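Chain by chain, the residues run as shown.
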Amino acid sequence: MKADLLYEGKAKRVYRAEGKPGQLVLSYKNDATAFNGEKKAQFDGKGRLNNEISSKIFTSLHSKGVETHFIERLNETEQLVHQTEIIPLEVVVRNIAAGSITKRLGFREKTLFEPPLVELFYKNDDLGDPLINDDHAKLLSDITDLELKQVKEKALLVNERLTTLFASMGIKLVDFKLEFGRKADGNIVLSDEISPDTCRLWDLETEQKLDKDVFRQGTGNLIEVYEEILKRLEGQS
Ligand code: UDP
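Residues numbered from 1 in each chain as written. Predicted model: local features only at pLDDT ≥ 70, side-chain atom pairs only at ≥ 80, totals over all residues. Heavy atoms only, no water.

A. Layout of the site of the ligand. As a matter of local geometry, the ligand sits amid 15 residues, with Arg94, Ser100, Asp175, Arg200 and Arg216 nearest to it. Here an oxygen atom of the ligand and a side-chain polar atom of Glu90 are 3.2 Å apart. For the ligand, an oxygen atom lies 2.7 Å from a polar atom in the side chain of Arg94. Calculation on the ligand without its partners gives an accessible area of 500 Å², and the protein chains cover 79% of this total. (Near = heavy atom within 4 Å. Polar contact = N/O pair within 3.5 Å; in protein donor to acceptor, adjacent residues only side chain to side chain. Areas by Shrake-Rupley, 256 points an atom, 1.4 Å probe, with all protein chains shown as cover.)

B. Molecular detail of the environment of Leu5. Take Leu5: it is sitting in strand E1 (residues 2-8). Owing to a relative accessible area of 43%, Leu5 belongs among the partly exposed residues under this scheme. C-alpha of Leu5 to C-alpha of Leu24: the two residues are 19 residues apart in sequence and 9.8 Å apart in space. In this structure Leu5 touches Arg13, Val14 and Tyr15, once residues within four positions along its chain are discounted. (Helix = DSSP H or I, 4+ residues; strand = E, 2+ residues; numbered from the N terminus. Buried < 20%, exposed > 50% of the residue type's maximum accessible area, 1.4 Å probe, protein only. Contact = heavy atoms within 4.5 Å.)

C. Looking closely at the nonpolar core. Counting 46 residues, the largest nonpolar core has Ile57, Leu61, Val158, Leu162, Leu178 and Ile194 as the members making the most contacts within it. In contact with Val158, not counting residues within four places along its chain, are Leu61, Val66, Phe176, Leu178, Leu190 and Ile194. Among the nonpolar cores identified, the runner-up in size contains 5 residues, and Val14, Leu24, Leu26 and Tyr28 belong to it. (Core = buried A, V, L, I, M, F, W, Y, C linked by side-chain atoms within 4.5 Å.)

D. Structural view of the pairing of strand E13 (residues 188-191). Neither face of E13 is open: one carries Ile188 and Leu190, the other Val189 and Ser191, and all of them are buried. Judged from the 4 bridges that link them, strand E12 (residues 171-182) and E13 form a sheet pairing that is antiparallel. Its bridge partner being in E13, Gly181 is matched across the sheet by Val189. Taking the residues that link successive antiparallel strands as the turn, the E12-E13 hairpin has 5 residues, and the phi of Gly186 there is positive, at about 95°. (Pairing = 2+ DSSP bridges.)

E. Broad picture of the sheet that holds strand E7 (residues 78-82). Here 5 strands make up an open sheet; going across it, the order is E1-E2-E3-E7-E6 and the pairing antiparallel. Of all the strands in the sheet, the pair left with one neighbour each is E1 and strand E6 (70-73). Direction aside, neighbouring strands of the sheet carry axes that sit 30° apart on average. Inspection of the sheet shows strand E3 (residues 23-28) paired to E7 by 5 bridges, in the antiparallel sense. Paired with Val25 across the bridge in E7 is Leu80. (Axes fitted to C-alpha atoms, helices over the stretch in contact; angles between N-to-C directions.)

Here it is as structure tokens:
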């Protein structure tokens, strides 16, 4: 199924799909990184869990009319996707203040953002993924004004759909990061992954953290909380 390796990132490898032009195989790794790669570890089973979780979330989004690059899960750690050229922007949606925004702008943790806040970061490890505005985004990528507006609308729509999905699993969607890619026909589509690596997920009742913060902060067992997310997602389907 896999042909040549095109790219290796911190959490996934990207291969050309054998005999399927315009399609890629994403292979999820067991590596976890935080603080721009300064903290690193390996967790047996993480690749399988994120592959399954991300596949279920993209499938749920498809059923609610949101287009993504996802085609199908192939096996434990791999999925087939449409090839896109990733736009070097990280689109973060925040419902509740946590993480970098508490340090950068002094929002008290758990401040509610109503309506949800959308932020753009420049996807560039050497620069530490800095926060940018729309004008920077247009200079740093090939995105147009209209496309930026559409990307933000899509991010907010994904937030609505995922907030509902996670609420039905007894989970608060605190924030998450999306990436978008350009298809061969020029259209922009939701790409990359949606998993506990890229979302902050808190138990609705206990506020227990069920995401990568347990690794970032060294406060829990990453595999156990990712298993919990998968178990609750399976209860939905
Ligand atoms: N995030 C991500 N990749 C990044 C940076 C952030 O997936 O390179 C996610 C992160 O998991 C969280 C949201 O985006 O769900 C907001 O992250 P934040 O800006 O608070 O940064 P952090 O505190 O994680 O450095």
